Amino acid sequence: MTGAEFTQTLLNALMLASVYVLMASGFTLIYSIMHIVNFAHGEIYMLGAFAVYYFSMEYHLNFFLALVLAILVVGVLGILLERVLFLPMQQAHLPQVILSLGLAMALQGIASVAFGAGDKPVDGPFDTVLRFGGAAISMERLIIIPISVAIMIALFAFVKWTRTGQAMRAVAQDSDAAALQGIDVAFISCLAFGVGCALASAAGALIAPVFYVNPFMGGSVIMKAFIIICLGGMGSISGAAVGGLILGFVDSFGATLFGNSVANIIGFALLIIILLVRPQGLFGR
């Protein structure tokens, strides 16, 4: 691998890792509060991509405004889904998981009918190509990294320093004890689901200008989210961030050196090894 190829692969790894971290952080936030594996998370990611497509391409809004609107709209949709579908079976975790599977299939089918099954391109905010050490990368790829970092810093600050974030941490540790302290567990669950969906929407919206948007784009990404939260530790946002970085580098360098198929095998092999050595993941308890 030449120096230019290494630089190119490194930048692509950071871009992929940024998207993976956003996706997995939303996934693990929902799991840590509600204790369900949300199989519809990939379709929420897909809806975020379609939202930015319609806001920017159909309604001709500025891409960054379209990004903010996509995050807000899908976040509100997540709150509605939690209130209407998941809240009535709040204590029945297995039915919630089955419900999320049905929701994933329903959202994919609805998107296919409403948006069409074909690929849709999204124009990025920039058409500039930057060069680093002989490597060339488009600005639309590079901009994903600082935006994702800013969103994750805001998430960590929210969870660590706000009263609502501290309530989320309390519910994640022991929902019954949190309820005895006066915390509204139902409200926290609703908020966590909305924030988790907003993070998935941000990931989908940011990646939309890089790849085509279609109703089936969430299928592969949800598998990546599974690998990441198992690597980092179920319910750990810090673990999701580290796991996303690891998988982003594995996918990018593995694809460059060995091809996409081998890169996927390496990712799953790494997951198996870590679970054999440390079943709770890197940051799990």
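Note that the structure is predicted; figures quoted are calculated from it, not measured.

Chemist: Is there a simple way to think about a nonpolar patch on the surface in this case?
Modeler: A contiguous nonpolar patch, built from Leu 257, Phe 258, Val 262 and Ile 266 and spanning about 350 Å² of accessible area, is present on the exposed surface. Listing elements by their share of the nonpolar patch, those giving two or more residues are helix H11 (237-258) and helix H12 (260-277). Within the fold, Ile 266 resides in helix H12. For Ile 266, a relative accessible area of 31% gives the class partly exposed.

Chemist: It is not clear to me how helix H10 (residues 218-232) should be interpreted in this structure. Could you clarify?
Modeler: Since one α-helical turn is 3.6 residues long, residues separated by three or four positions face the same way. Between its first and last C-alpha, H10 extends 21 Å over 15 residues, near the 21 Å set by a 1.5 Å rise per residue. In terms of burial, H10 is largely enclosed, as 11 of its 15 residues are buried. When H10 is considered as a whole, its buried residues turn out to be Gly 218, Val 221, Ile 222, Lys 224, Ala 225, Phe 226, Ile 227, Ile 228, Ile 229, Leu 231 and Gly 232. Looking at the packing, one finds that the buried side of H10 touches helix H1 (3-34), helix H2 (41-58), H11 and H12.

Chemist: What is the right way to read the packing of helix H7 (residues 163-173) against helix H9 (residues 185-207) from this model?
Modeler: A pair of packed helices can be characterised by two numbers: the angle between their axes and the separation between those axes. Put simply, H7 and H9 touch, their axes get as near as 10 Å, and they point 105° apart. When the axes of H7 and H9 are compared, the pair comes out roughly perpendicular. Across the interface between the two elements, Thr 164, Ala 167, Met 168 and Val 171 of H7 pack against Val 185, Ile 188, Leu 191 and Ala 192 of H9. Among the residues making up the contact of H7 with H9, the classes are represented as seven nonpolar, one polar and no charged.

Chemist: Just checking my understanding: could you explain the environment of Ala 186 for this structure?
Modeler: Tracing the backbone through its elements, the reader meets Ala 186 in helix H9. On the basis of relative accessible area, Ala 186 is assigned to the partly exposed category, the value being 21%. As a C-alpha pair, Ala 186 and Phe 126 span 60 residues in sequence and 42 Å in three-dimensional space. Excluding anything up to four places from it in sequence, Ala 186 contacts Arg 83, Leu 87 and Gln 90.

Chemist: What am I meant to see in the confidence of the model for the protein chain here?
Modeler: Close inspection of predicted coordinates is inappropriate for parts of the model with low pLDDT. Per-chain confidence: the protein chain averages 87 in pLDDT, with 98% of residues scoring 70 or above. Taken element by element, the predicted model of the protein chain shows its lowest mean pLDDT in strand S1 (residues 129-132) (74) and its highest in H2 (94).

Chemist: Help me understand the state of the cysteines, please; the structure alone is not making it clear to me.
Modeler: A covalent bond between the sulfur atoms of two cysteines is what we call a disulfide. Counted under the stated rule, the structure contains zero disulfides. Unpaired in terms of disulfides, Cys 190 finds its nearest cysteine sulfur in Cys 197, a separation of 10 Å. Judged by its relative accessible area of 0%, Cys 197 falls in the buried class.

Chemist: Just checking my understanding: could you explain the pattern of salt bridges for this structure?
Modeler: When the charged atoms of two side chains lie near each other, side chains of opposite charge can form a pair. A complete count under the given rule lists two salt bridges for this structure. In this structure, the salt-bridge partner of Arg 83 is Glu 82, at a minimum N-O distance of 3.0 Å. Classification of Arg 83 as partly exposed rests on a relative accessible area of 34%. The exposure class of Glu 82 is buried, given its relative accessible area of 1%. Between Lys 224 and Asp 251 there is a salt bridge, with its nearest N and O atoms 2.9 Å apart. Placement of Lys 224 in helix H10 and of Asp 251 in helix H11 is noted, with a sequence separation of 27 residues between them. On the basis of relative accessibility, which here comes to 8%, the residue Asp 251 falls in the buried class.

Rules used in this analysis
Residues numbered from 1 in each chain as written. Predicted model: local features only at pLDDT ≥ 70, side-chain atom pairs only at ≥ 80, totals over all residues. Heavy atoms only, no water. Patch = residues over 30% accessible without salt bridge, like charges linked within 9 Å, V, L, I, M, F, W, Y side chains within 5 Å. Areas by Shrake-Rupley, 256 points an atom, 1.4 Å probe, with all protein chains shown as cover. Salt bridge = Lys/Arg side-chain N within 4 Å of Asp/Glu carboxyl O. Helix = DSSP H or I, 4+ residues; strand = E, 2+ residues; numbered from the N terminus. Buried < 20%, exposed > 50% of the residue type's maximum accessible area, 1.4 Å probe, protein only. Expected span 1.5 Å × (residues − 1). Contact = heavy atoms within 4.5 Å. Axes fitted to C-alpha atoms, helices over the stretch in contact; angles between N-to-C directions. Parallel < 35°, antiparallel > 145°, perpendicular 65-115°, else oblique. Nonpolar A, V, L, I, M, F, W, Y, C, P; charged D, E, K, R; others polar. pLDDT = per-residue confidence, 0-100. Disulfide = S-S within 2.5 Å.

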